[in-house]
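Residue-level structural notes
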Amino acid sequence: MAFKQSLIENNSIALQASATTWEQAIKIGTDMLIASGAIQPSYHDAIIQSVKTLGPYIVIAPQLALPHARPENGVNRTAFALVTLQQPIVFDGEDEPVDVLITLAGSSSDEHMEGLLEVTQIIDDEESDTGVDLDKLRRCRSADDVYRVIDEALEAEMA
């Protein structure tokens, strides 16, 4: 499922959210996907447990986390959630705080990889030192702003 379409269908965008811990930040995204029926509560638990066991593997770039677990941990259908935070949170073992989280629930390994690729296209920025342009997402104040950023990124990718 396409990133934008998933955000629309699952009503899964939370902008300028408030969280004081990484667990709370992850819960914001997973709660929206639980409410939409895309995942079971066990998926949230699996993400938290995996981070506690494996470390902050979900922090994939400075200031960006991609909370996810294995499909068999409670994914009903492939879905995404986008969360931006008012104040960044810190994951144990990470130097850079995180203020953008894109929750990925892939219903299969293939869906999981396709989702990762699309998210990468949207946040990829050749001109940035880190290769990631999260400022566009940070500036969003409505779902329509997010959809516009996604559309522009995908158009630029095709150009």
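Quick note: structure is the one above.
Report follows, based on the coordinates. (Residues numbered from 1 in each chain as written. Predicted model: local features only at pLDDT ≥ 70, side-chain atom pairs only at ≥ 80, totals over all residues. Heavy atoms only, no water.)

Details of the pattern of salt bridges
Operational definition: Only one rule defines a salt bridge in this text: a Lys or Arg side-chain nitrogen within 4 Å of an Asp or Glu carboxyl oxygen. Each helix is a run of H or I in the DSSP string that is no shorter than four residues. Each strand is a run of E no shorter than two, and both are numbered from the N terminus. A 1.4 Å probe rolled over the protein chains alone gives each residue an accessible area, and that area as a share of the maximum for its type sets the label: buried under 20%, exposed over 50%, partly exposed in between.
This structure, assessed with the given rule, holds six salt bridges. For Arg148, the salt bridge is made with Asp145, and the minimal N-O distance between the two is 2.7 Å. On the criterion of helical spacing, the pair formed by Arg148 and Asp145 is a turn pair, its members being three residues apart in helix α6 (residues 143-158). Judged by its relative accessible area of 44%, Arg148 is partly exposed. When salt bridges that share partners are traced, they join Asp99, Asp135 and Arg138 into one network.

Examining the packing of aromatic side chains
Selection criterion: Aromatic pairs are defined between Phe, Tyr and Trp rings, using the six-membered ring for Trp, whenever the two ring centres lie within 6.5 Å; interplanar angles under 30 degrees are classed as stacked, those over 60 as edge-to-face, and all others as tilted.
Scanning the model with the defined rule gives two aromatic pairs in all. Here the aromatic rings of Phe3 and Phe80 are separated by 5.0 Å at their centres, their planes lie at 85°, and the arrangement is edge-to-face. With Phe3 in helix α1 (residues 3-10) and Phe80 in strand β4 (residues 79-89), the pair connects residues that are 77 residues apart, well separated along the chain. With respect to burial, Phe3 and Phe80 carry one shared label: buried.

Structural notes on the sheet that holds strand β5 (residues 98-105)
The condition that has to hold: Here, strands pair whenever DSSP counts at least two bridges between them.
If you trace the five strands from one edge of the open sheet to the other, you get β1-β4-β5-β3-β2, paired in mixed fashion. At either end of the open sheet lies a strand with only one pairing partner, and these are β1 (13-17) and β2 (59-61). Sheet analysis places strand β3 (residues 64-65) next to β5, joined by two bridges and oriented parallel. Looking across to β5, one finds that Leu64 is bridged to Val100.

Keep in mind these values describe shape, not function.
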